[in-house]
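Inside the fold
Take a look at the letters that make up each chain.
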Amino acid sequence: MPSTPTLALIALGLIVLVAIAIRVIRSLRRFARARTLVGDGVGNGVGLLKARSAALKVAIAERRPDEQARTRANPAYDRRSGADRRITNG
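Once a new chain begins, its residue numbering starts again from 1 and follows that chain's sequence as written. Only residues with pLDDT of at least 70 get local features here, since the model is predicted, and only at 80 or more are side-chain atom pairs given and counted; chain-wide, interface and lining totals rely on the full set of residues. Note that water and hydrogens are dropped before the side-chain values are worked out from all heavy atoms of the structure.

Here we look at the overall build of the chain
Counting its regular elements, the chain contains 2 helices and 0 strands. Within the chain, the proportion of its 90 residues that are buried is 6%. For accessible areas, the Shrake-Rupley method is used with a probe of radius 1.4 Å. Any residue's cover is judged against the shown protein chains and nothing else. About 8300 Å² of surface is accessible on the chain, with carbon and sulfur atoms providing 64% of the total. Helical segments are the DSSP runs of H or I of at least four residues, strand segments are the runs of E of at least two, and each set is numbered from the N terminus. Throughout this description, buried means an accessible area under 20% of the type-specific maximum (1.4 Å probe, protein chains only), exposed means over 50%, and partly exposed covers the range between.

Brief notes about a nonpolar patch on the surface
To count toward a patch, a residue needs a relative accessible area over 30% and no salt bridge; like charges are then connected within 9 Å, while nonpolar side chains (Val, Leu, Ile, Met, Phe, Trp, Tyr) are connected within 5 Å. A pair is scored as a salt bridge if a Lys or Arg side-chain nitrogen falls within 4 Å of a carboxyl oxygen belonging to Asp or Glu. A cluster of nonpolar side chains, contributed by L9, L12, V16, I20, V24 and L28, occupies part of the molecular surface with about 580 Å² of accessible area. Secondary-structure assignment places L9 in helix α1 (residues 3-63).

Structural notes on a positive patch on the surface
Counted as positive: Lys and Arg. Counted as negative: Asp and Glu. His and the chain ends are not counted at all. In plain terms, the charge of a residue is placed at NZ if it is Lys, CZ if Arg, CG if Asp and CD if Glu. Side chains of R23, R26, R29, R30 and R33 sit close together on the surface and give a patch of like positive charge. Mapped onto the secondary structure, R29 falls in helix α1. Overall, the relative accessible area of 57% leaves R29 in the exposed class.

Dropping the structure here:
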């Protein structure tokens, strides 16, 4: 029977193909898991960096003297009347 070796080779090829596919799928799952962990870590780092940047801006604004706060660079400065639009308690 000349078809027996052909069928055996086809069966062996399918077994090898399934084994390779299983290994590739496992590797892709591990890669996806690692990508998620790295993405979460980077996202947390970016969030912390934004928070630190905002805190630094607030700290710099608090150290600014009052005469610098009443300039055109300050968005609270009223350009029409020259008055300060901020609400103060004094």
